[in-house]
Amino acid sequence: MNQPKGNLGLSAKFTSVLPLNQQFLEVGEVEKMASEDITKLVESLAKAQVGGRQLSFKGKSLKLNTAEDAKEVSKEIEEFDGLEALRLEGNTVGVEAAKVIAKALEKKAELKRCHWSDMFTGRLRSEIPFALTALGEALITAGSQLVELDLSDNAFGPDGVRGFEALLKSPACFTLQELKLNNCGMGIGGGKILAAALKECHRKSSAMGKPLALKVFVAGRNRLENDGATALAEAFGLIGTLEEVHMPQNGINHPGITALAQAFAANPLLRVINLNDNTFTEKGAVAMAETLKTLRQVEVINFGDCLVRSKGAIAIAEAVKEGLPKLKELNLSFCEIKRDAALTIAEATEDKSELEKLDLNGNALGEEGCEQLQEILEGFNMADVLGSLSDDEGEDEGEDEDDEGEDEDDEGEDEEEEQQQLQERGQGEQESLPSKKILDSHDSTPVSSPPPVDVATFLAFPSPEKLLRLGPKCSVLIAQQADTSDMEKVVMALLKISSVFKDETTVKTAVHETTDALMRKAFTSATFNSDAFITSLLIHMGLLKSEEKIKAVPSLYGPLMTLNHMVQQDYFPKSLAPVLLAFVTKPNRALDSCSFARHMLLQTLHQL
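Cut-offs and rules
Residues numbered from 1 in each chain as written. Predicted model: local features only at pLDDT ≥ 70, side-chain atom pairs only at ≥ 80, totals over all residues. Heavy atoms only, no water. 1 Å grid on protein atoms, 1.4 Å probe; cavity = no way out; pocket = protein on both sides within 12 Å on 5 of 7 lines; lining within 4 Å. Points joined across faces, edges and corners; volume = space filled by probe spheres on them. Helix = DSSP H or I, 4+ residues; strand = E, 2+ residues; numbered from the N terminus. Nonpolar A, V, L, I, M, F, W, Y, C, P; charged D, E, K, R; others polar. Expected span 1.5 Å × (residues − 1). Buried < 20%, exposed > 50% of the residue type's maximum accessible area, 1.4 Å probe, protein only. Contact = heavy atoms within 4.5 Å. pLDDT = per-residue confidence, 0-100. Salt bridge = Lys/Arg side-chain N within 4 Å of Asp/Glu carboxyl O. Core = buried A, V, L, I, M, F, W, Y, C linked by side-chain atoms within 4.5 Å.

Visitor: Sorry, what's going on with empty space enclosed by the protein here?
Guide: Regions of empty space are outlined by a rolling probe, equal in size to a water molecule, passed over the atoms. Under the counting rule described, the total for this entry stands at two cavities of 30 Å³ or more. Looking at the largest cavity, its volume works out to about 40 Å³. Taken together, Trp116, Leu132, Gly136, Leu149, Leu151, Phe164 and Leu167 make up the lining of the largest cavity. Sorting the residues of the lining of the largest cavity by element identifies helix H5 (128–142) and helix H6 (157–169) as the ones contributing at least two each. The residue inventory of the lining of the largest cavity, partitioned by class, reads six nonpolar, one polar and no charged. Within this model, the second largest cavity holds a volume of roughly 30 Å³.

In structure tokens form, the structure reads like this:
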């Protein structure tokens, strides 16, 4: 039996699954060991964090910049015989350090699990692909057969995917069962590279007689959008063995959702589908519902905040009623579902004996609708499965009219997507593209223009569209109306503006220009307190505690990306940079969902 060597000082029998006290008693050695030897043993265990055949450096906040910095880590890896799992989360690894660690991994043929999330904090985005390439080549050289690869919370972008592309295509990943790439900023380009690598892996492994049998795929918060999701759907359709798919917050609309639905139909073992915070609309929801009717193993469905609307919800209710015998959780919260559709969903759960949670919060049921929903479930003896309805939007009086308008909304979305795709591909400017509605129209009814927007309306209900509709002078208008004598109002205005940040050039430019106009006016005012401003901003971002109960903004992506621009401007007081750096560097759950934006800001602050 192989034994860990060196400073770990443990016999392999102590790495079994039995509790330590049982292991000692079983081998009868406790009585022979002096208390000081036991102490040393416990310290060694704590230091190496050995669990089974796992070596962990998780959360040690190691700053491994040079080859010298990585020597101790490399030594422990080399001396650990039979290494099956390596945890490097919560550290920061540079290129030279990665090469040293990679050298140690070249002889670790038994390595199966790489827990390598959040290991490039503060690194230049250009560094990460080289570090990943070095580590990947080492695994290929070793002849490892990976079961799990977790690179989540590393802001490497599309180029980072290139860094482990060769690894994914190699025999080291023919055995891969879990691939976790949450919150990596891959974008559409990275999604396409990843999809191509997975298809190549499946092709090569199939030729070897044992096709890739991926079970778990995680890629939330990656801005994959329709093209990235569609590319991955092609790979999923080939693989056919998926059990869990988590792709929340990716900006996917109904074309991408439809492509995923078709791919899911080819994966009969699916148990968990998490597409939270994408945009289904009725078209996407209907396509997904058709697939759900064919799947028999699904236990968890999370379509919360996906805008399935009433017609989409009814389609999903039919799927629930006709199939899904093992369903345990159904999340359709914040989807603009109205009362009758919500009641239809509840009625569809009658024979779902394994259902544990039904989430319909944040929809438009009204007080009476909420009561009816509870009554239906009580009639099934399932009242306890219903989640909170505390954020119900209240019943919409114009239900029929609004439902009819949903199709028009979908058409509008189709038109916008078509125009955007043509613009991106260089086939024409958006302004010169005729509206499909105008071309298809056979009457002379004038097309109604959107209602005008003023600054107060935008600040009350901010959205990218409203900001753009303020016109080319939006930055001037907002700055003129801003009361810079009230620091709190400046903070709130900045957060409202930054909340609509998007990577689209027009929106990003508008946000940057408006921010510049507002903050230049504020910081150049003799009465403006910069220190109080940054304190209040950190509190509202959830990065600093306050004695008062202040609700933090729901997402930090926009504020962080806006700050990344702001700190580079001449009006920004350089004395505030160290304060920002300290709080953005500090571990905080609020920052976990936006590591790409956090990485960009940290990189900029380090360079100031």
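Visitor: I'm lost on helix H20 (residues 505–523) in this one. Help?
Guide: Residues spaced three or four apart along an α-helix point in a common direction, a consequence of the helix completing one turn every 3.6 residues. For H20, built from 19 residues, the straight-helix expectation of 27 Å at 1.5 Å per residue is met to within 8% by its first-to-last C-alpha distance of 26 Å. What H20 keeps buried is the set Val507, Ala510, Val511, His512, Thr514, Thr515, Asp516, Leu518, Met519, Ala522 and Phe523. Residues of H20 that are buried make contact with helix H17 (464–469), helix H18 (474–481), helix H19 (487–499), helix H21 (530–540) and helix H22 (557–566).

Visitor: What should I look at first to understand unusual backbone geometry in this one?
Guide: If you check the backbone angles, Arg221 has positive phi at about 55° while not being a glycine. Tracing the backbone through its elements, the reader meets Arg221 in the loop between strand E8 (216–218) and helix H8 (225–239). Residue classification places Arg221 among the partly exposed positions, given a relative accessible area of 28%. Phi at Arg223 takes a positive value of approximately 55°, unusual for a residue other than glycine. Tracing the backbone through its elements, the reader meets Arg223 in the loop between E8 and H8.

Visitor: Whenever I open this one, the confidence of the model for the protein confuses me. Can you help?
Guide: Atomic detail in the predicted coordinates should be set aside for any region of low pLDDT. For the protein, per-residue confidence averages 84 on the pLDDT scale, and residues scoring 70 or more make up 82% of the total. Considering only residues more than four positions removed or in separate chains, one finds that residues 399–408, a stretch of pLDDT under 50, has 14 contacts.

Visitor: How should the pattern of salt bridges be read in this particular structure?
Guide: Should the charged atoms of two oppositely charged side chains come close, the side chains can pair. Per the stated rule, a full pass over the model turns up 27 salt bridges. Note that Glu106 and Lys103 form a salt bridge whose closest N and O atoms lie 3.6 Å from each other. Its relative accessible area of 29% is what places Glu106 among the partly exposed residues. Of the charged contacts, one joins Lys180 and Glu178 as a salt bridge, the two residues approaching to 3.3 Å between their closest N and O atoms.

Visitor: Before we go on, may I ask you to explain the nonpolar core in this structure?
Guide: As a rule of thumb, soluble globular proteins bury nonpolar side chains together. One finds Leu194, Phe217, Met247 and Phe303 to be the most contacted residues of the largest nonpolar core, which totals 118 residues. If we ignore the near neighbours within four places in the chain, the residues touching Phe217 are Leu179, Leu194, Leu198, Leu232, Phe236, Leu242, Glu244, Val245, His246 and Met247. Val453, Ala522, Phe533 and Phe596 belong to the second largest nonpolar core, which has 51 residues in total.

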